[in-house]
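Secondary and tertiary structure notes
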Amino acid sequence: MICKRNRKGYLYLYDGTIIEGCGFGSQGYNFGEVVFTTSMNGYPEALTDPSYKGQILIITHPLVGNYGVPKMKVMDNNIIDNFESEKIQVEGLIVSEETEPRKWNSYMSLHEWLSDQGIPGLSDVDTRFLVKKIRDQGVVPGIISSGVELSELKKYNYDSIDFTDLTSPKEIILHKGKIDKNIVVIDCGVKHGILKGIYESFYYNIIRVPCKSNANEIMKFNPGGIVFSNGPGNPNLLNKLIDTYNAISEYKIPILGICLGHQIGTLALGGKVKKMKYGHRAINKPVIDLTTEKSYITTHNHGYAILSIKDLPNNVKPWFIDPDDKIIEGWISEEKKILSVQFHPEARPGPLDTTWIFEKFKKMVE
Ligand SMILES: NC(=O)CC[C@H](N)C(=O)O
């Protein structure tokens, strides 16, 4: 095999499969659960999404890198406008072809970006084969290596690691608003697209608190509404956060739960969240609003979910369902003032079909 960067690369799967390709990005190796997204664009957003911590991402679109990587743009109140966090969060990237950028606002190439941030990339592999394998067998842990060969695989169990320690802020972060009221975001690795979505609906101060804050630490900000953010890893490990959710829900302050935040709410109120075979990672997933029978095309990035209606908490109303596999994609509790969605209403990247959920949350708060 001829590699354009004169470097081989490998994917070592824990089922014994070894796949050879070309290395790009940073020279080195990383562990992770190997997952795939079918999004055809939005790699700068996807790679910086903290929910991908602990995962090696395969992008199924055959060419990745065509439009390069833009310069980071930050709003006046420090919300990032074009990335989901300050750095690359995936443990490694696998593509069929890694290309050179051709776009007016490209600041660096995909290869340079990964190199700068110490993230290995693997190209020139049959991503179609890999995806079919994952769809048959389910997600599998692996090691991605760029320019290095490994002889043994150390033990690795994605589902038992709490990755929120790596993605949640250690201190409180304030994004100042134009209106002197507060929305508190329980930040397990929040996407800046979500912060922007909230900000542009409310113009309140947004106060981000560490994922493991307790209810008193949150309530002292006198929040008008509380958002439980997205985040990486297995929600069933996060007992402290589940307790916090329970305590908060007693105050009847409006809550919006997104992705991991939705899963935490589900567990707190007595429902079940289980691992899916290979998850939903795409920007064109249909969901049906069961309260109106309308359908929407939405952005997803989750490997756990409410797998069936019987796993919903008691006393909540099913809200969204994925018509393809019947996964529950959201529930609502008018009595407790909670909106809970598994998909991403901020849609960064993705279609803006469901940004109205932020407006609905605003109505509840006001
Ligand atoms: N985007 C998210 O918040 C993901 C939630 C959770 N880590 C999952 O994979 O299901």
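Residues numbered from 1 in each chain as written. Predicted model: local features only at pLDDT ≥ 70, side-chain atom pairs only at ≥ 80, totals over all residues. Heavy atoms only, no water.

With that settled, consider the UniProt feature "active site" (unreviewed entry) in the protein chain. Within the UniProt annotation, "active site" (unreviewed entry) is assigned to Cys259, His344 and Glu346. Of the residues just listed, which span 88 residues, no C-alpha pair is farther apart than 11.4 Å, and they cluster in one region. Checked against the lining of the largest cavity, the annotated residues just named reduce to Cys259. Tracing the backbone through its elements, the reader meets histidine 344 in the loop between β19 (338-341) and α9 (356-365). With respect to the element layout, glutamate 346 can be found in the loop between β19 and α9. For glutamate 346, a relative accessible area of 5% corresponds to the buried category. Those residues in contact with glutamate 346 that sit more than four places away from it in its chain are Lys191, Gly193, Ile194, Leu352 and Phe358. Here histidine 344 takes part through its side chain, which lies 2.8 Å from a polar atom of the side chain of glutamate 346. (UniProt positions renumbered as here; feature names shortened; annotations may be inferred. 1 Å grid on protein atoms, 1.4 Å probe; cavity = no way out; pocket = protein on both sides within 12 Å on 5 of 7 lines; lining within 4 Å. Helix = DSSP H or I, 4+ residues; strand = E, 2+ residues; numbered from the N terminus. Buried < 20%, exposed > 50% of the residue type's maximum accessible area, 1.4 Å probe, protein only. Contact = heavy atoms within 4.5 Å. Polar contact = N/O pair within 3.5 Å; in protein donor to acceptor, adjacent residues only side chain to side chain.)

Taken together, 13 residues lie near the ligand, and Gly233, Cys259, Gln263, Asn301 and Gly303 sit nearest. Residue glycine 233 places a main-chain N or O atom 2.7 Å away from a nitrogen atom belonging to the ligand. Between the ligand and tyrosine 304 there is a distance of 3.0 Å, counted from an oxygen atom to a backbone nitrogen or oxygen. When the ligand sits alone it has 300 Å² of accessible area, and the protein chains cover 99% of it. (Near = heavy atom within 4 Å. Areas by Shrake-Rupley, 256 points an atom, 1.4 Å probe, with all protein chains shown as cover.)

When the UniProt feature table is mapped onto this chain numbering, "binding site: L-glutamine" (unreviewed entry) sits at Ser51, Gly231, Gly233, Leu260, Gln263, Asn301, Gly303 and Tyr304. Maximum C-alpha separation among the annotated residues is 13.1 Å over a sequence range of 254 residues, consistent with a single clustered spot. Filtering the just-named annotated residues for those lining the largest cavity gives Ser51, Gly231, Gly233, Leu260, Gln263, Asn301, Gly303 and Tyr304. By secondary structure assignment, the location of glycine 303 is in strand β16 (residues 294-305). Aside from chain neighbours lying at most four places away, what touches glycine 303 is Lys274, Lys275, Met276, Gly279 and Arg281. Following the sequence through the fold, tyrosine 304 ends up in strand β16.

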